[in-house]
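Spelled out, the chains give:
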Amino acid sequence: MNTEFETLLYGQQFKKLYERMSNLITAKYGLHRIEIEILLFLKQEERDTARDIAEMKYFSKAHISHAIEHLTECGYLTGTPDAQDRRCVHLRLTGEAQPVCEELSRLRDGLMEIIYRGITEEEKQVMRRVARKIACNMDEQLTMMEKE
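Residues numbered from 1 in each chain as written. Predicted model: local features only at pLDDT ≥ 70, side-chain atom pairs only at ≥ 80, totals over all residues. Heavy atoms only, no water.

Peer 1: Kindly report on the nonpolar core, identifying the contributing residues and their values.
Peer 2: In terms of nonpolar packing, the biggest core is built from 26 residues, with L31, I38, L39, L71, Y76, V100 and L104 touching the most fellow members. Where this core is concerned, the elements lending two or more residues are α2 (12-29), α3 (33-44), α4 (50-57), α5 (61-73) and α6 (98-115). In terms of residues, this core owes the most to one element, α3, which gives seven residues. Look past the residues within four positions of L39 in its chain and what remains in contact with it is L31, L71, Y76, L93, A97, V100, C101 and L104. (Core = buried A, V, L, I, M, F, W, Y, C linked by side-chain atoms within 4.5 Å. Buried < 20%, exposed > 50% of the residue type's maximum accessible area, 1.4 Å probe, protein only. Helix = DSSP H or I, 4+ residues; strand = E, 2+ residues; numbered from the N terminus. Contact = heavy atoms within 4.5 Å.)

Spelled out as structure tokens, the structure:
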């Protein structure tokens, strides 16, 4: 496998850049990285349960639970039990979370500008298609391995 491709797949370079850029926000609001990821997830996704977060972000359930508890204590989240299944709780961002989410969105936009610098729209579309296929291949393999 070529080194540049492995580097991209492992995401270490992205992770390091993202950590450095997000350190000011995590320090300012007293949040951990997983907590800002949960806020961004709930802001951008239609899915809104801890299970959804676990399935989409591959965080451990224990980490998600701890993060949700802290975000709720900070006043950034509320939870509403599902009408059909009381064990399922739908998470909602509060007004208190809005300034944090706006800063996080600006950070993400800036990060994307850096990453996509010099890349054409056509190249971005190809990259997205390839990334979806790679992610699907990995998900399928993980699902097969979990069944074994």
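Peer 1: Explain unusual backbone geometry residue by residue, including any values.
Peer 2: Of note, the phi angle at Y58 is positive, near 60°, even though the residue is not glycine. Following the sequence through the fold, Y58 ends up in the loop between α4 and α5.

Peer 1: Any chance you could break down the side chain of R108 for me, citing the residues and the numbers?
Peer 2: Mapped onto the secondary structure, R108 falls in helix α6. With residues up to four places along the chain from it excluded, the contact list for R108 reads Y18, E37 and L40.

Peer 1: I'd love a proper account of the packing of aromatic side chains, names of residues and values included.
Peer 2: Evaluated as defined, the whole model comprises one aromatic pair. Between F14 and Y18, the aromatic rings sit 5.9 Å apart at their centres with planes inclined by 15°, giving stacked as the arrangement. Within this pair, F14 and its partner Y18 are both found in helix α2, separated by four residues, close to a single helical turn. (Phe/Tyr/Trp six-rings, centres within 6.5 Å; stacked < 30°, edge-to-face > 60°.)

Peer 1: Could you give an account of α2, with specific residues and numbers?
Peer 2: If you check α2, its first and last C-alpha atoms are 25 Å apart, about what 18 residues at 1.5 Å a residue would give, namely 26 Å. Along its length, α2 reaches its greatest deviation from straightness, about 45°, at S22. Considered for burial, the residues of α2 that qualify are Y18, S22, I25, T26 and Y29. (Expected span 1.5 Å × (residues − 1). Bend = angle between axes of the 7 residues up to and from the residue.)

Peer 1: Give me the lowdown on the side chain of E103, citing residues and values where you can.
Peer 2: Within the secondary structure, E103 is located in helix α6. A distance of 2.9 Å separates the side chain of E103 from the side chain of K28, its partner in a polar contact. Apart from the residues within four sequence positions on either side, E103 is in contact with I25, K28 and Y29. (Polar contact = N/O pair within 3.5 Å; in protein donor to acceptor, adjacent residues only side chain to side chain.)

These figures come from the coordinates and say nothing about function on their own.
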